[in-house]
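# Working through the structure, step by step
Chain residues, written in single-letter form:
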Amino acid sequence: MADTHVLFVEDDDVIREALQLTLERDGFRVTAVPDGLAGLDAFRADRPDVALLDVMVPGLDGVSLCRRIRDDSTVPVIMLSARADSIDVVLGLEAGADDYVTKPFDGAVLVARIRAVLRRFQHSRQEPDPGPGAPAEAGSGESVLSFGDLEVDTEGMEVRRDGSPVPLTPTEMRLLLEFSTAPGTVLSRDQLLERVWDYGWGGDTRVVDVHVQRLRAKIGQQRIETVRGFGYKLKG
């Protein structure tokens, strides 16, 4: 991930400068700005590979900035918050963020989370590489899984509902792929955190719950069933 460009929006000078140095030591190229409006300008001027947005920044708060980014981009977004309040977490994730980290945080942990979200994004953009005997075209043959009015092309990374394209973020796509390759199988929140978010440690299951809600809104509320006390499953 050499020369990966990170947009970092943080109004605290000490945190901004310290984290910029940490990220640059790990090989990232960093654009660090102190407010949301400057962050929006920087995003539009030089599209970054990932955005780190503090929730409470002046001018344009991090949640609003995330929504503006999501209007025309699926670039990975990680929210940073000094509070672990549910409302902060949920608002950020509902705005389209892929993950969030609560301050104070360890620099090495944040770097690991950045790399994990970048892996998800890059995986979703990989061109299919069919081997011998594979379908000649993405979107045909066994690569397309059907669930009622929903079609999931696991090679072309495309989703259609009633024949119309369904725009998903990379994280939503990874989540749907986990469900669609095991329809009817209950997947726990911890399993989804490990497989989709690449957490090798315990994570906040609210991340899973909000992304499932977002996915349901796009593919149909009844398509993913909640199995109380266990997790979620895709209806075949």
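Moving on, we get to the sheet that holds strand β9 (residues 164-165). One open sheet holds the four strands; their spatial order is β6-β7-β8-β9, and the pairing between them is antiparallel. The strands lining the two open edges of the sheet, one partner per strand, are β6 (144-147) and β9. Bridge count between strand β7 (residues 150-153) and strand β8 (residues 158-161): four bridges; the pairing is antiparallel. Residue Glu151 lies in a different strand from β8, and its bridge partner there is Arg160. Lying on the sheet, helix α6 (residues 170-180) is in contact with β6, β7 and β8; it crosses β7 at an angle near 105°.

On to helix α8 (residues 206-219). Three or four residues apart is the spacing at which side chains of an α-helix point the same way, because the helix has 3.6 residues per turn. Taking 1.5 Å per residue as the helical rise, α8 with its 14 residues ought to reach 20 Å, and the 20 Å between its terminal C-alpha atoms agrees with that figure. Listing the buried residues of α8 in full gives Val207, Val208, Asp209, Val210, His211, Val212, Arg214, Leu215, Arg216 and Ile219. Gly220 sits one or two residues past α8 and shows a positive phi near 120°.

Moving on: unusual backbone geometry. A cis amide bond links Lys103 with the next residue in sequence, Pro104, at an omega value of -5°. Here Pro104 lies in the loop between β5 (99-102) and α5 (107-125). We note that Met157 has phi near 55°; this positive angle belongs to a residue other than glycine. Here Met157 lies in the loop between β7 and β8. With a phi close to 55°, Asp162 is a non-glycine residue in the positive phi region. Residue position: Asp162 is located in the loop between β8 and β9.

Calculation rules
Residues numbered from 1 in each chain as written. Predicted model: local features only at pLDDT ≥ 70, side-chain atom pairs only at ≥ 80, totals over all residues. Heavy atoms only, no water. Pairing = 2+ DSSP bridges. Helix = DSSP H or I, 4+ residues; strand = E, 2+ residues; numbered from the N terminus. Contact = heavy atoms within 4.5 Å. Axes fitted to C-alpha atoms, helices over the stretch in contact; angles between N-to-C directions. Expected span 1.5 Å × (residues − 1). Buried < 20%, exposed > 50% of the residue type's maximum accessible area, 1.4 Å probe, protein only.

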